[in-house]
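Structural overview for review
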Amino acid sequence: MLKDASELRRLLQHAQWELIPLRNLAEQLPHLPPQSPVSVTASASKTLEDTLDLTAELCALGHRPVPHVAARMVASRDHLEELLGRIESMGLSEIFLVGGDVTSPAGPFDSAVGLLEALREVNHSLTHIGVTSYPEGHALITDAVLHEALHVKQVLLAEAGIEGHAATQMCFHPKAILVWLAAERDSGFTLPVHLGIPGAVDPARLLRIGTRLGVGASLRYLRKNTGAVARMLRPGGYDPSGLVDQIAPHAERLAIAGLHVFTFNAIADTVAWRETALNGMPSRRKRAKGR
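None of these values were measured; they are calculated from a predicted model. (Residues numbered from 1 in each chain as written. Predicted model: local features only at pLDDT ≥ 70, side-chain atom pairs only at ≥ 80, totals over all residues. Heavy atoms only, no water.)

Structural notes on the overall build of the protein
Rules: Secondary structure elements follow DSSP: runs of H or I of four or more residues count as helices, runs of E of two or more count as strands, with numbering from the N terminus. Residue contacts are counted whenever heavy atoms from the two residues lie within 4.5 Å of one another. Using a 1.4 Å probe, the Shrake-Rupley method yields the accessible areas, and only the shown protein chains count as cover for residues.
For the protein, the helix and strand inventory stands at 12 helices and eight strands. In the protein, once contacts between residues fewer than 6 apart in sequence are set aside, the share between residues at least 24 apart is 82%. When the accessible surface of the protein is summed, it comes to about 13700 Å², and 54% of that surface belongs to carbon and sulfur atoms.

Some details on the layout of surface pockets
Sizing a probe to match a water molecule and rolling it over the atoms shows the empty space that remains. Applicable threshold: Every definition here rests on a 1 Å grid over the protein atoms only: cavities are sets of points where a 1.4 Å probe fits but cannot get out, pockets are open sets enclosed by protein on both sides within 12 Å along at least five of seven lines, and lining residues have some atom within 4 Å of a point. Grid points are joined across faces, edges and corners, and a volume is the space filled by probe spheres set on the points. Each residue gets one label: Ala, Val, Leu, Ile, Met, Phe, Trp, Tyr, Cys and Pro are nonpolar, Asp, Glu, Lys and Arg are charged, and the others, such as Gly, are polar.
Within this model, the second largest pocket holds a volume of roughly 340 Å³. Lining the second largest pocket we find 16 residues, and of these Gln16, Pro37, Arg64, Glu94 and His194 sit closest to its centre. Listing elements by their share of the lining of the second largest pocket, those giving two or more residues are β1 (15–19), β3 (64–70), β6 (163–168) and β8 (256–262). A per-element tally of the lining of the second largest pocket places β3 first, with three residues. Of the residues that constitute the lining of the second largest pocket, the class distribution is seven nonpolar, seven polar and two charged.

Re the packing of helix α2 (residues 48–60) against helix α3 (residues 77–89)
Our working rule: Geometry is summarised by axes, namely lines fitted to C-alpha atoms with helices restricted to the contacting stretch, and by angles between N-to-C directions that run from 0 to 180 degrees. Any angle that is under 35 degrees is reported as roughly parallel, and any over 145 degrees as roughly antiparallel; angles of 65 to 115 degrees are reported as roughly perpendicular and all others as oblique.
Closest axis-to-axis distance for the α2/α3 pair is 11 Å, and the angle between their directions is 5°. Our classification of the angle between α2 and α3 gives roughly parallel. Of the residues in α3, those touching α2 at Leu48, Glu49, Leu52, Asp53 and Ala56 are His79, Leu83, Arg86 and Ile87.

What about the sheet that holds β8?
Formally: We call two strands paired when DSSP finds no fewer than two bridges between them.
Sheet architecture is closed into a barrel: eight strands sit in the order β1-β2-β3-β4-β5-β6-β7-β8, paired in parallel fashion. Across this sheet, the average inter-strand angle for adjacent strands is 30°, counted without regard to direction. With six bridges connecting them, strand β5 (residues 128–133) and β6 associate as parallel partners. If you follow histidine 128 over to β6, its bridge partner there is glutamate 163. Of the strands in this sheet, β1, β7 (193–198) and β8 touch helix α11 (residues 267–278), which is tilted by about 170° from β1.

Digging into the confidence of the model for the protein
We count it as follows: pLDDT measures how confident the predictor is about each residue, on a scale from 0 to 100.
Here the protein averages 86 in pLDDT, and 83% of its residues register 70 or above. At the low end of the mean pLDDT range in the protein sits helix α12 (residues 284–290), at 40; at the high end sits β3, at 98. Of the regions scoring below 50 in pLDDT, residues 212–222 engages in 19 contacts with residues more than four places distant in sequence or in other chains. Residue range residues 281–291 is modelled with pLDDT below 50. Its contacts to residues more than four positions away, or to other chains, number 14 contacts.

A look at helix α6 (residues 174–186)
Applicable threshold: Expected span of a helix, by definition, is 1.5 Å for each gap between consecutive residues, and there is one gap fewer than residues. Only protein chains enter the accessibility calculation, which uses a 1.4 Å probe; a residue whose area is less than 20% of its type maximum is buried, one above 50% is exposed, and one in between is partly exposed. Here, the arc refers to the directions that run from the helix axis to the C-beta atoms.
Under the 1.5 Å per step criterion, the end-to-end length of α6 is 18 Å for 13 residues, consistent within 8% with the ideal 18 Å. Buried residues of α6: Pro174, Ile177, Leu178, Trp180, Leu181, Glu184 and Arg185, and no others. With its buried residues spanning 170° around the axis, α6 presents them on a single face. Facing away from the buried side of α6, by more than 90 degrees, are the exposed residues Lys175, Val179 and Asp186. Those residues of α6 hidden inside the fold are in contact with β5, α5 (143–160), β6, β7, α10 (241–247) and β8. Downstream of α6 by a residue or two, glycine 188 has a phi angle that is positive, lying close to 100°.

Considerations on the nonpolar core
The cut-off we apply is this: Remark: nonpolar core denotes a set of buried residues (Ala, Val, Leu, Ile, Met, Phe, Trp, Tyr, Cys) joined through side-chain atoms within 4.5 Å.
Counting 73 residues, the largest nonpolar core has Leu19, Leu80, Leu115, Leu119, Ile129 and Leu259 as its most contacted members. Among the elements that make up this core, the one with the highest residue count is helix α4 (residues 112–119) (six residues). Setting aside residues up to four positions removed in sequence, leucine 259 forms contacts with Leu11, Leu12, His14, Ala15, Gln16, Leu195, Ile197, Val244 and Trp273. Judged by nonpolar contacts, the second largest core, of five residues, contains Phe172, Val201, Phe262 and Phe264.

Topic: unusual backbone geometry
The backbone phi angle of glutamine 35 is positive, close to 55°, even though this residue is not glycine. Counting through the fold element by element, glutamine 35 comes out in the loop between β1 and β2 (37–40). The phi dihedral of phenylalanine 264 falls on the positive side, at around 50°, and the residue is not glycine. Topologically, phenylalanine 264 is positioned in the loop between β8 and α11.

Concerning the pattern of salt bridges
Our working definition: Salt bridges, as used here, are contacts in which a Lys or Arg side-chain nitrogen is within 4 Å of a carboxyl oxygen on Asp or Glu.
Tallied over the entire structure, the rule returns five salt bridges. A salt bridge links arginine 10 to glutamate 7; the shortest N-O distance between them is 2.7 Å. Here arginine 10 and its partner glutamate 7 are both found in helix α1 (residues 2–13), three residues apart, which amounts to about one turn of the helix. Residue arginine 86 pairs with aspartate 53 through a salt bridge whose shortest N-O separation is 2.6 Å. With arginine 86 in helix α3 and aspartate 53 in helix α2, this pair connects stretches of sequence that are 33 residues apart. You can call arginine 86 partly exposed: its relative accessible area is 29%.

Below, the structure is given as structure tokens:
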């Protein structure tokens, strides 16, 4: 039990907060703990320049931002070099690489693998790249293709001498996560994994965020993640404590390095949830049961 508690504390302490470049974020930024590791999304309704604008703002506030680069939003090789140059000018050497949700690629890169291959031919100062992974599958991509792509990314990072990790999609089922990751480890996948979880999201905020992301993005999200949305729209919002509690005993064995927390810009509530969990106080879920 003591070891499990230690692993739970480690996961909670190594939490990265994912933020979306929307106007409602400004009122929430003061709630970030000092020098927070933050992940800055590349939204299909925005531009990669918007992502880097927020990244620069977070740098100025003393945080440790990691910008997302969506391969399908990179318009050209020159555009890629411009983005990498701006990231370097901020003193940053880490990105999170995603394929991107735009329907048609803006340029020559239609996947994260394609952009990783291109990085071998451009000048950059990157020393760490995070990549995506999908324990619960993807509505538009087969499990076999996801598996192959994940291992190709690992090979490309190793060949380039760049450290990396894999952050999972937003997950809800502990058994699915554990079965998937055990199988990937058995097949030679060694990158550390950051477990993707939703934050303490209020249903009304989730709906507002969906609206601001644009109808197309919202519909794609709902179509691919109907179960996820239903869970987060429950009265009182979603509490991730149960999921993290069940994963923690297996974290060391499966090299789960920390949490990638999808805040939906609900920073105050999500940080408060993490602090409550770290302090050993009963979660909202447990309190509700005792009423």
